[in-house]
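# Fold and geometry: a report
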Amino acid sequence: MRGIIGFIAMLQGALGFIGKTFFDGAWGLLAHWFDLPSVAYLGLFLAGAALAVWGDTDKKRKAERV
């Protein structure tokens, strides 16, 4: 579950950062509710990547125990 949430957070962070940095406004669902700076979208991407990696390593660790 952490991997899926992390992937969604990465997607929203990437869309917001790319849209705000290179185009006229942020893309994604969060842009409809919040007005975040580009650095916050980059932080959201990094937090999502950390969640995705954590979920994947935890899944591999549980598979090795069995």
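Residues numbered from 1 in each chain as written. Predicted model: local features only at pLDDT ≥ 70, side-chain atom pairs only at ≥ 80, totals over all residues. Heavy atoms only, no water.

### A word on the side chain of aspartate 58
Secondary-structure assignment places aspartate 58 in helix α3 (residues 38–65). Among the polar contacts listed, one links the side chain of aspartate 58 to the side chain of arginine 2, at a separation of 2.5 Å. (Helix = DSSP H or I, 4+ residues; strand = E, 2+ residues; numbered from the N terminus. Polar contact = N/O pair within 3.5 Å; in protein donor to acceptor, adjacent residues only side chain to side chain.)

### Quick look at the confidence of the model for the chain
Scored by pLDDT, the chain has a mean of 91; 100% of the residues are at 70 or more. Looking at the elements of the chain, mean pLDDT is at its lowest for helix α2 (residues 30–33), recorded as 89, and at its highest for helix α1 (residues 2–22), recorded as 92. (pLDDT = per-residue confidence, 0-100.)

### As for the UniProt feature "transmembrane region" (unreviewed entry) in the chain
Taking the numbering used here, the UniProt-annotated feature "transmembrane region" (unreviewed entry) corresponds to residues 40–57. Note that residues 40–57 is 100% helix and 0% strand, and that its end C-alpha atoms are spaced 26 Å apart. (UniProt positions renumbered as here; feature names shortened; annotations may be inferred.)

### Digging into the packing of α1 against α3
At a minimum axis distance of 7 Å, the contact between α1 and α3 shows a crossing angle of 155 degrees. As judged from the angle between their axes, α1 and α3 are roughly antiparallel. In the crossing of α1 with α3, the sense of the turn from one axis to the other is left-handed. (Axes fitted to C-alpha atoms, helices over the stretch in contact; angles between N-to-C directions. Parallel < 35°, antiparallel > 145°, perpendicular 65-115°, else oblique. Left-handed = near helix turned anticlockwise from the far one by under 90°.)

### Structural notes on the pattern of salt bridges
Enumeration according to the criterion identifies 4 salt bridges in this entry. Between aspartate 58 and arginine 2 there is a salt bridge; the shortest N-O distance is 2.5 Å. With aspartate 58 in helix α3 and arginine 2 in helix α1, this pair connects stretches of sequence that are 56 residues apart. Overall, the relative accessible area of 16% leaves aspartate 58 in the buried class. Between aspartate 35 and lysine 20 there is a salt bridge, and its shortest N-O distance comes to 3.5 Å. In this pair, aspartate 35 is assigned in the loop between α2 and α3 and lysine 20 in helix α1, connecting sequence segments 15 residues apart. Look at lysine 20 and you get partly exposed, because its relative accessible area is 30%. One connected set of salt bridges, linked through shared partners, spans Arg2, Asp58 and Lys62. (Salt bridge = Lys/Arg side-chain N within 4 Å of Asp/Glu carboxyl O. Buried < 20%, exposed > 50% of the residue type's maximum accessible area, 1.4 Å probe, protein only.)

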